Amino acid sequence: MHSLAHSTTLPQLEAGSVWLVGAGPGDPGLLTLHAVGAIRAADLVLYDALINTEILSEARRNARLVCVGRRKGNAPTTQDEIARLMIEGARDGLRVVRLKGGDPCMFGRGGEEAAALRDAGIPFRIVPGVTAGIGGLAYAGIAATHRDANAAVTFLTGHQTGGALPGDLDWDALARSDNALVVYMGVSALDRVVPALLSHGRDAATPVAIVAHATTPSQRVLNTTLGEAVLAARRAKIDAPALIVIGRIADPALATPWFEPQQDEHAARITDRSLLAAFTA
Ligand code: SAH
C-alpha cells in the first residue's frame, strides 16, 4: 500500500506529451493518483479558473503555471489558443498538464481538446476526475441515484455559448420525467431552466437543492422547490459555481448531510425557512 503513489506501474507523464487531467470539484483529497503524479511531473500546467490553488502548489517550483480560464475582467483564452499552447508546449519537449475542474469530459471540452491533440499527432492521456455533479452532491449528502427516488439521472448544462438555453434539449421529456436533473452552470441558468421546466409541466413542488462551492470551505446548500428556486437563490445570494439538483433526490428527507465547511456562520446549511427567520428576526 505504501508504494501506491510511487508505484512504477503508474504511467508517467513523458516529455513531449499532454495529459488532460480532471482535478475534481475543489477538495484536493478528491484528486486521483494519476492527477497528482501528473501535476508533480509537469513543466507546464494550463489550468482553468475554477482550479483550487492549493492543488497548484503540488507543481514543481520551476513549472510554468498558466491560467487559461475566465478571470474577472479578462476574456478567457480561446479554445484555439489553448490547443496551440498545449501543442507548442509538447513540441518544445515539455511535460504538459491541461488541468480542468471536475472531470475533463463533463462540460469541460475535454473531447475537443483531445481531438486537437490527436490531429496534431501529440501523445496524450485523459485522466478522469470526480465530476461536480456526483462528488459535489455527495458532499451535500445527496445521492445521485436513490432507490426511493430515481432510476436515472440526467446531467445538463443550462448554458450555451451566447447564454441561450441549449436548443437540442427535450424540455417536454425533462419536465415529464420523474427522474433527477443535475444542472451545471446553475447560477446563470436558473432563470431559464426553472421557467422552462415549469412551463413544460413539471410540478412546482418538486424538491430542489442548490449546491454552491461544493467540497470547499465555502460550500452552501440551499433547499427549496422548483416554484420558489429563482427567488430563494436570489435571496440567499447564491454565487457560482453551483449545481441545481431537481427531483426527489433533492428532498431533504432523503439527504444525509455530513460535510461541515469550516467557515463563518454563512457557511451553515441554510434553508428557505432559516433565511426567512433571519429576515424577520
Ligand atoms: N468539468 C466540470 C464542470 C465544468 S462546467 C466537472 O466535471 O465538474 C462548470 C460548472 O460545474 C459550474 O458552473 C458548476 O455548475 C459546476 N461546478 C464545478 N465545480 C463546482 C463546485 N465546486 N461546486 C458546485 N458546482 C461546481
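Residues numbered from 1 in each chain as written. Predicted model: local features only at pLDDT ≥ 70, side-chain atom pairs only at ≥ 80, totals over all residues. Heavy atoms only, no water.

- As named in an unreviewed UniProt entry, the protein chain is uroporphyrinogen-III C-methyltransferase, taken from Roseiterribacter gracilis.
- UniProt, in the comment section headed Sequence similarities (unreviewed entry), describes the protein chain in these words: "Belongs to the precorrin methyltransferase family." (UniProt positions renumbered as here; feature names shortened; annotations may be inferred.)

1. Comments concerning the pairing of strand 4 (residues 96–100)
Looking along a regular strand, one sees the side chains alternate between the two faces of the sheet.
Here is step 1 of the chain: Counting buried positions along strand 4 gives five out of five residues, so the element sits mostly inside the fold.
Here is step 2 of the chain: Burial of the side chains of strand 4 extends over both faces: Val96, Arg98 and Lys100 are buried on one face and Val97 and Leu99 on the other.
Here is step 3 of the chain: Two elements, strand 1 (residues 18–22) and strand 4, share five bridges in a ladder whose sense is parallel. For Gly22, the partnering residue across the bridge sits in strand 4 and is Lys100.
Here is step 4 of the chain: Direction of pairing for strand 2 (residues 44–47) relative to strand 4: parallel, over a ladder of four bridges. Across the sheet, the residue bridging to Tyr47 is Leu99, located in strand 4. (Buried < 20%, exposed > 50% of the residue type's maximum accessible area, 1.4 Å probe, protein only. Helix = DSSP H or I, 4+ residues; strand = E, 2+ residues; numbered from the N terminus. Pairing = 2+ DSSP bridges.)

2. Thoughts on the nonpolar core
Here is step 1 of the chain: Residues Leu197, Ile210, Ile238 and Ile246 are the most contacted members of the largest nonpolar core, which totals 25 residues.
Here is step 2 of the chain: Breaking this core down by element, the ones donating at least two residues are helix 6 (171–176), strand 7 (180–184), helix 7 (186–199), strand 8 (207–212), helix 8 (229–235) and strand 10 (242–246).
Here is step 3 of the chain: Ranked by residue count, the leading element in this core is helix 7, at six residues.
Here is step 4 of the chain: Once residues within four sequence positions are removed from consideration, Ile210 is found in contact with Leu190, Arg220, Val221, Leu222, Ala229, Ala233, Ile238, Ala242, Leu243 and Ile244.
Here is step 5 of the chain: Residues Ala23, Val36, Val45 and Leu56 belong to the second largest nonpolar core, which totals 20 residues. (Core = buried A, V, L, I, M, F, W, Y, C linked by side-chain atoms within 4.5 Å. Contact = heavy atoms within 4.5 Å.)

3. Notes on the pairing of strand 8
Here is step 1 of the chain: Burial runs high along strand 8: six of the six residues are buried.
Here is step 2 of the chain: A two-sided burial pattern is seen for strand 8, the buried positions comprising Pro207, Ala209 and Val211 on one face and Val208, Ile210 and Ala212 on the other.
Here is step 3 of the chain: Here strand 8 runs beside strand 9 (residues 220–225); their pairing, made up of six bridges, is antiparallel. Bridging from a neighbouring strand, Pro207 pairs with Thr225 of strand 9.

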